[in-house]
Amino acid sequence: MDAKSKPTCRIVKPHHTYGGKQGLNYFEGIAAETVGSTGICMHILTIPPGARAKAHLHEAHETAIYVLSGEAHTWYGDRLEEHVVVHTGELFYIPAGVPHLPANLSNTPCTAVIARTDPNEQESVVLRPDLDELVPA
């Protein structure tokens, strides 16, 4: 390994956003694309009031979410039959391969830190348009 490819510590300031396949905008964070991570991705997501993602899953990758402010409703399961509300200060775990659809039904933004075992933010995202209609808009 030469000096240029040697891993090193990095600071990432989440100033830039990108549009995720899920239909929401994410703040750039820790990922293979930004720091060369090989086993983890972490970013910040703010869901505006009334917004929701598209139904999706992450193939072979787990997700951990910590809600910094607000609350997010999430429907999950094979047919989005399960429902939880994750509040400020709570953590939420989504196993690999579980379809889910988060939404902000409140009048205030919901901001969360999201970590995933996929270092490439969008590569394991699989949209499930067949499930979108199961959760009312």
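Computed from a predicted structure; not experimentally measured.

Student: Go over the nonpolar core with me, naming the residues and quoting the values.
Tutor: In terms of nonpolar packing, the biggest core is built from 15 residues, with L24, L45, I65 and V67 touching the most fellow members. Elements that contribute at least two residues to this core include exactly β3 (41–47), β5 (63–69), β8 (91–94) and β10 (110–116). A total of 3 residues in this core trace back to one element, the largest contributor, which is β10. Once residues within four sequence positions are removed from consideration, L24 is found in contact with Y18, G19, L45, I47, A51, R52 and A53. Membership of the second largest hydrophobic core comes to 7 residues, among which are L80, L101, A103 and V135.

Student: Explain empty space enclosed by the protein to me, and be specific about the residues and the numbers.
Tutor: Scanning all chains against the criterion turns up 1 cavity of 30 Å³ or more. Considered as a void within the structure, the largest cavity measures approximately 210 Å³ in volume. Around the largest cavity, the lining is made up of 22 residues, and of these L45, I47, I65, P102 and I114 lie nearest the centre. Every element with two or more residues in the lining of the largest cavity is listed here: β3, β4 (56–58), β5, β6 (71–76), β8, β9 (100–103) and β10. With 4 residues, β10 is the largest single contributor of residues to the lining of the largest cavity. For the lining of the largest cavity, a count of residues per class yields 15 nonpolar, 6 polar and 1 charged.

Student: Give me the lowdown on the packing of aromatic side chains, citing residues and values where you can.
Tutor: Following the criterion strictly, the structure yields 2 aromatic pairs and no others. Look at Y18 and Y26: their rings are 5.7 Å apart centre to centre, the planes differ by 20 degrees, and that puts the pair in the stacked class. For Y18, a relative accessible area of 23% gives the class partly exposed. Y26 sits in the buried class, given a relative accessible area of 3%.

About the criteria used
- Residues numbered from 1 in each chain as written.
- Predicted model: local features only at pLDDT ≥ 70, side-chain atom pairs only at ≥ 80, totals over all residues.
- Heavy atoms only, no water.
- Core = buried A, V, L, I, M, F, W, Y, C linked by side-chain atoms within 4.5 Å.
- Buried < 20%, exposed > 50% of the residue type's maximum accessible area, 1.4 Å probe, protein only.
- Helix = DSSP H or I, 4+ residues; strand = E, 2+ residues; numbered from the N terminus.
- Contact = heavy atoms within 4.5 Å.
- 1 Å grid on protein atoms, 1.4 Å probe; cavity = no way out; pocket = protein on both sides within 12 Å on 5 of 7 lines; lining within 4 Å.
- Points joined across faces, edges and corners; volume = space filled by probe spheres on them.
- Nonpolar A, V, L, I, M, F, W, Y, C, P; charged D, E, K, R; others polar.
- Phe/Tyr/Trp six-rings, centres within 6.5 Å; stacked < 30°, edge-to-face > 60°.

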